[in-house]
Amino acid sequence: MSRDLAPYLDWLRSHGVAFDVAGELARDDDHVGPLVEGDEEMRPVELPGIPPFVEHRDPEAGLAADHATFSLAMALLPRIAPGTRFWDIGCGTGVLPVAAGLKGASSIVATDVDERAIALARRTAADANVSIRFSHGVLLEAVPARLEADLVAANLPHKPCPPGGDLPISQRAGEDGADVHSAFAAQAAARLAPGATVGFWLHSLPDPRLLRAYAAFDLTLVSWKRRFLQPGEYEDVLPWFLDRARRGLSYMAESSGRRFLVGGVWLARRR
Ligand SMILES: C[S@@+](CC[C@H](N)C(=O)[O-])C[C@H]1O[C@@H](n2cnc3c(N)ncnc32)[C@H](O)[C@@H]1O
């Protein structure tokens, strides 16, 4: 176990989070900000085992796949086979559901609370010739009740936001960063059949109550990385992050004077 990962896992356990670590735990490359790279409106996406495709994006509006999207894709693709029923809740520009479709997933559903994201994702899917049922709305409320899933991507916002802070609705996750995932986990527990699995990428800023909200699921960490903060990154909200870390409510570490978060891909399997 890496000395950069172990303290984070100890911190989660000390806050009552129960989980396993995958035997074949993958270490992804460190990410050094910024979160979204490049200002192109279209970008090629290359992932192992599927044909390349083009992402339609709007980086200025924060609508673009990032390092977390790609870590999650790398973890989910080996778990997708022809016929896997796949949902993406909070699909952004559509990289995950399109990749799933190219790997053979069926009955693909992609939802988002932001209509601009849905419009971009539709274009990503159309260019790749992947058939997806898109739906605009909040979390699982946007998925028709009769549908079922085997694998659900839920790369949802989890950044703590200071009281009175003004984040766009698509990034709002409450003061401790756990509101959106907690609401989603409750809906998913009620909705998903035993064995169905949720995958998401998470950094170490939100309150550990986020992971405790997945109490009806078996949680496994399958990959991890260090996510370094660049000077000036998150300027407005950094004091909130640092204060929370001081109070033990978020986890942040340092290497050679540079601050980093620990992040990783979690799989939550419905019991
Ligand atoms: C971090 S982005 C991830 C986008 C995409 N899944 C990816 O991995 O590239 C989070 C997405 O969740 C959407 N979102 C935020 N809150 C939501 C909610 N309550 N219901 C549905 N989608 C939401 C945002 O609009 C945004 O597109």
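Before reading further, recall that the structure is shown in the block above.
Residues numbered from 1 in each chain as written. Predicted model: local features only at pLDDT ≥ 70, side-chain atom pairs only at ≥ 80, totals over all residues. Heavy atoms only, no water.

(A) Broad picture of the overall build of the protein. In terms of regular secondary structure, the protein is built from seven helices and 12 strands. A compact globule built from 271 residues would reach a C-alpha radius of gyration of about 18 Å, and the protein, at 18 Å, matches this within 12%. Overall, the C-alpha framework of the protein stretches about 45 × 40 × 35 Å when taken along its three principal axes. Burial status across the protein gives 54% buried among its 271 residues. When the accessible surface of the protein is summed, it comes to about 11900 Å², and 49% of that surface belongs to carbon and sulfur atoms. (Helix = DSSP H or I, 4+ residues; strand = E, 2+ residues; numbered from the N terminus. Rg over C-alpha atoms; globule rule 2.2 N^0.38 Å. Buried < 20%, exposed > 50% of the residue type's maximum accessible area, 1.4 Å probe, protein only. Areas by Shrake-Rupley, 256 points an atom, 1.4 Å probe, with all protein chains shown as cover.)

(B) Spatial organisation of the pattern of salt bridges. Tallied over the full model, the rule gives 16 salt bridges. Close ionic contact of Asp30 with Arg27 constitutes a salt bridge, the shortest N to O distance being 3.8 Å. In this structure Arg27 comes out as partly exposed when scored by relative accessible area, which is 43%. The closest approach of N and O atoms between Asp243 and Arg247, which form a salt bridge, is 3.1 Å. Judged by relative accessible area, which is 26%, Asp243 ranks as partly exposed. (Salt bridge = Lys/Arg side-chain N within 4 Å of Asp/Glu carboxyl O.)

(C) Layout of the site of the ligand. Surrounding the ligand, one finds 16 residues, the nearest of these being Thr69, Gly90, Asp112, Leu139 and Asn155. The separation between an oxygen atom of the ligand and a polar side-chain atom of Asp112 is 2.5 Å. Side-chain polar atom of Asn155 to an oxygen atom of the ligand: 2.9 Å apart, as the coordinates give it. For the ligand, whose unbound accessible area comes to 590 Å², protein coverage reaches 86%. (Near = heavy atom within 4 Å. Polar contact = N/O pair within 3.5 Å; in protein donor to acceptor, adjacent residues only side chain to side chain.)

(D) Region of interest: the pairing of strand E12 (residues 258-270). Of all the 13 residues making up E12, 10 are buried; the element is thus mostly covered by neighbouring parts of the structure. Sheet topology places strand E9 (residues 197-202) next to E12; six bridges connect them, and they run antiparallel. When the sheet's bridge partners are listed, Thr197 is paired in E12 with Arg269. Direction of pairing for strand E10 (residues 217-228) relative to E12: antiparallel, over a ladder of 11 bridges. Across the sheet, Lys225 pairs through a bridge with Gly263, a residue of E12. Between strand E11 (residues 253-255) and E12, which pair antiparallel one after the other, the connecting turn spans two residues, and Ser256 there sits at a positive phi close to 50°. (Pairing = 2+ DSSP bridges.)

(E) The nonpolar core, seen in detail. Trp87, Phe184 and Trp266 are the most contacted members of the largest nonpolar core, which totals 44 residues. Setting aside anything within four residues of it in sequence, one finds Phe184 in contact with Ile89, Leu139, Leu140, Val152, Ala154, Leu156, Val198 and Tyr214. (Core = buried A, V, L, I, M, F, W, Y, C linked by side-chain atoms within 4.5 Å. Contact = heavy atoms within 4.5 Å.)

(F) Main features of the environment of Leu102. If you trace the backbone, Leu102 turns up in helix H3 (residues 95-103). For Leu102 and Asn129, which are 27 residues apart along the polypeptide, the C-alpha to C-alpha distance reads 8.9 Å. Apart from residues no more than four positions distant in its own chain, Leu102 is found in contact with Ile50, Pro51, Phe53, Ala128 and Val130.

(G) Local environment of the side chain of His203. Checked against the element boundaries, His203 lands in the loop between E9 and helix H6 (209-212). On the basis of relative accessible area, His203 is assigned to the buried category, the value being 11%. Beyond its immediate sequence surroundings of up to four residues, His203 is in contact with Tyr8, His158, Lys159, Leu261, Val262 and Gly263.

(H) The side chain of Arg244, seen in detail. Inspection of the secondary structure assignment puts Arg244 in helix H7 (residues 238-246). Although Arg244 is buried, it makes no salt bridge; Asp207 carries the closest opposite charge, 4.3 Å away. Ignoring sequence-local partners within four residues, the contact set of Arg244 consists of Pro160, Glu175, Asp176, Leu205, Pro206, Asp207, Leu249 and Ser250. (Lys, Arg positive; Asp, Glu negative; His and termini not counted.)

(I) Main features of helix H4 (residues 115-128). Here H4 is 14 residues long and its end C-alpha atoms lie 20 Å apart, about the 20 Å a rise of 1.5 Å per residue gives. If you check which residues of H4 are buried, you get Ala117, Ile118, Leu120, Ala121, Thr124, Ala125 and Ala128. Buried residues of H4, viewed axially, fall in a sector of 165°; they line one side. More than 90 degrees from the buried face of H4, the exposed residues found are Glu115, Ala126 and Asp127. In this structure, the buried side of H4 is in contact with strand E4 (53-56), H3, strand E6 (106-112) and strand E7 (133-136). Asn129 sits one or two residues past H4 and shows a positive phi near 60°. (Expected span 1.5 Å × (residues − 1). Arc of directions from axis to C-beta.)

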